[in-house]
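One letter stands for each residue in the lines below.
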Amino acid sequence: DAGVTQSPTHLIKTRGQQVTLRCSPKSGHDTVSWYQQALGQGPQFIFQYYEEEERQRGNFPDRFSGHQFPNYSSELNVNALLLGDSALYLCASSLGGGAGTEAFFGQGTRLTVV
Amino acid sequence: GQQVMQIPQYQHVQEGEDFTTYCNSSTTLSNIQWYKQRPGGHPVFLIQLVKSGEVKKQKRLTFQFGEAKKNSSLHITATQTTDVGTYFCAYDNYGQNFVFGPGTRLSVLP
């Protein structure tokens, strides 16, 4: 039973470019949340997808967008990359997304913007 | 969402010593979760506390939720080098929208 898988593991992009990160949730999970973790800080919630719709959103600009597919996998897109977007991007999956349910994190995608 | 603070930011201990990290909020929290992130790794769920005054143990780890549900602690007895990492507390703001603390980075010297 595969856990949460993310791709790619590492990525280097140039300022102004666009990037797409991918996440496959743990088998049986239907909710995917995305987090940004800057170096030395705790993860910050970007948004959550459930039933192919964005259900919640954190304090991130519209440059950050996402999508969830019928098989529950998800993508995170970031447009017009800034140097400050360099971070570890984490995907977490859960079942139902209700309060108090355990979230499983993927290994993350480390994005470097130069 | 309400922020949570963690102290200390860093802790260096000799192997075999005990370690405690504290998580504090100015408002009442519905729950607290604790995660461990090894260097270069991703957060791994350790435990969730939901009841006032709740205490849970996992081998050498003891987790506590304060009576007022505004603070929590994680205590490790007799640390080992495998305990190295950053320990985060987090609360579920609303349905999996977790608000993480800044973490406590633990170093264990052999």
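For the structure given in this document, a descriptive report is provided here. (Residues numbered from 1 in each chain as written. Chains lettered and ligands numbered in written order. Predicted model: local features only at pLDDT ≥ 70, side-chain atom pairs only at ≥ 80, totals over all residues. Heavy atoms only, no water.)

Details of the overall build of chain B
Okay, so step 1: From N to C terminus, chain B includes zero helices and 11 strands.
Okay, so step 2: Starting at the N terminus, the α and β elements of chain B follow one another as β-β-β-β-β-β-β-β-β-β-β.
Okay, so step 3: Pairs at least 24 apart in sequence give 52% of the contacts found in chain B among residues at least 6 apart.
Okay, so step 4: With 10 positive and 7 negative side-chain charges, chain B shows a separation of 5 Å between the mean positions of the two kinds. (Helix = DSSP H or I, 4+ residues; strand = E, 2+ residues; numbered from the N terminus. Contact = heavy atoms within 4.5 Å. Lys, Arg positive; Asp, Glu negative; His and termini not counted. Charge placed at Lys NZ, Arg CZ, Asp CG, Glu CD.)

Comments concerning the interface of chain B and chain A
Okay, so step 1: Facing 19 residues of chain B, the contacting portion of chain A comprises 23 residues.
Okay, so step 2: For the pair chain B and chain A, the summed buried surface comes to about 1,600 Å²; carbon and sulfur atoms form 50% of the total.
Okay, so step 3: The interface formed by chain B and chain A contains zero salt bridges.
Okay, so step 4: On the surface where chain B and chain A come into contact, there are three residue pairs in polar contact (both at pLDDT 80 or more).
Okay, so step 5: Contributing elements (two or more residues each) for the side of chain B that touches chain A: β4 (32-37), β5 (44-49), β9 (85-92) and β10 (98-100) of chain B.
Okay, so step 6: Of all the elements, β4 of chain B adds the most residues to the side of chain B that touches chain A, at three residues. (Buried area = accessible area lost by both parts, 1.4 Å probe. Salt bridge = Lys/Arg side-chain N within 4 Å of Asp/Glu carboxyl O. Polar contact = N/O pair within 3.5 Å; in protein donor to acceptor, adjacent residues only side chain to side chain.)

Things to note about the nonpolar core
Okay, so step 1: Counting 21 residues, the largest nonpolar core has Trp34 and Phe63 of chain B as the members making the most contacts within it.
Okay, so step 2: Broken down by secondary-structure element, the contributors of at least two residues to this core are β3 (19-25), β4, β5, β7 (61-65), β8 (71-76), β9 and β11 (104-109) of chain B.
Okay, so step 3: Among the nonpolar cores identified, the runner-up in size contains 19 residues, and Val4, Phe47, Leu76 and Cys91 of chain A belong to it. (Core = buried A, V, L, I, M, F, W, Y, C linked by side-chain atoms within 4.5 Å. Buried < 20%, exposed > 50% of the residue type's maximum accessible area, 1.4 Å probe, protein only.)

Examining unusual backbone geometry
Okay, so step 1: Cis geometry is found at the peptide bond from Ser7 of chain A to Pro8 of chain A, where omega equals -10 degrees.
Okay, so step 2: With respect to the helices and strands, the residue Pro8 of chain A is situated in the loop between β1 (5-7) and β2 (10-13).
Okay, so step 3: Residue Ile7 of chain B is joined to Pro8 of chain B through a cis peptide bond whose omega torsion reads -5 degrees.
Okay, so step 4: The residue Pro8 of chain B is located in the loop between β1 (4-7) and β2 (10-14) in this model.
Okay, so step 5: At Glu52 of chain A, a residue that is not glycine, the phi angle is positive and equals roughly 65 degrees.
Okay, so step 6: Summarising the element assignment, Glu52 of chain A is placed in the loop between β5 (44-50) and β6 (53-57).
Okay, so step 7: The class of Glu52 of chain A is partly exposed, set by a relative accessible area of 43%.

Let's talk about the sheet that holds strand β6 (residues 55-58) of chain B
All names here are of chain B.
Okay, so step 1: The antiparallel open sheet is built from five strands, whose spatial order is β1-β3-β8-β7-β6. Pairing within the sheet leaves two strands with one partner each, and these edge strands are β1 and β6. The mean angle between the axes of side-by-side strands here comes to 15 degrees, regardless of whether they run parallel or antiparallel.
Okay, so step 2: The sheet contact formed by β1 and β3 spans four bridges and is antiparallel. Its bridge partner being in β3, Ile7 is matched across the sheet by Tyr22. (Pairing = 2+ DSSP bridges. Axes fitted to C-alpha atoms, helices over the stretch in contact; angles between N-to-C directions.)

Description of the sheet that holds β1 of chain A
Residues and elements named next belong to chain A.
Okay, so step 1: Strand order in the open sheet formed by four strands is β1-β3-β8-β7, with antiparallel pairing between adjacent strands. Each having just a single partner strand, β1 and β7 (64-68) make up the two edges of the open sheet. The mean angle between the axes of side-by-side strands here comes to 20 degrees, regardless of whether they run parallel or antiparallel.
Okay, so step 2: Direction of pairing for β1 relative to strand β3 (residues 19-24): antiparallel, over a ladder of three bridges. Along β3, the bridge assignment pairs Ser7 with Arg22.

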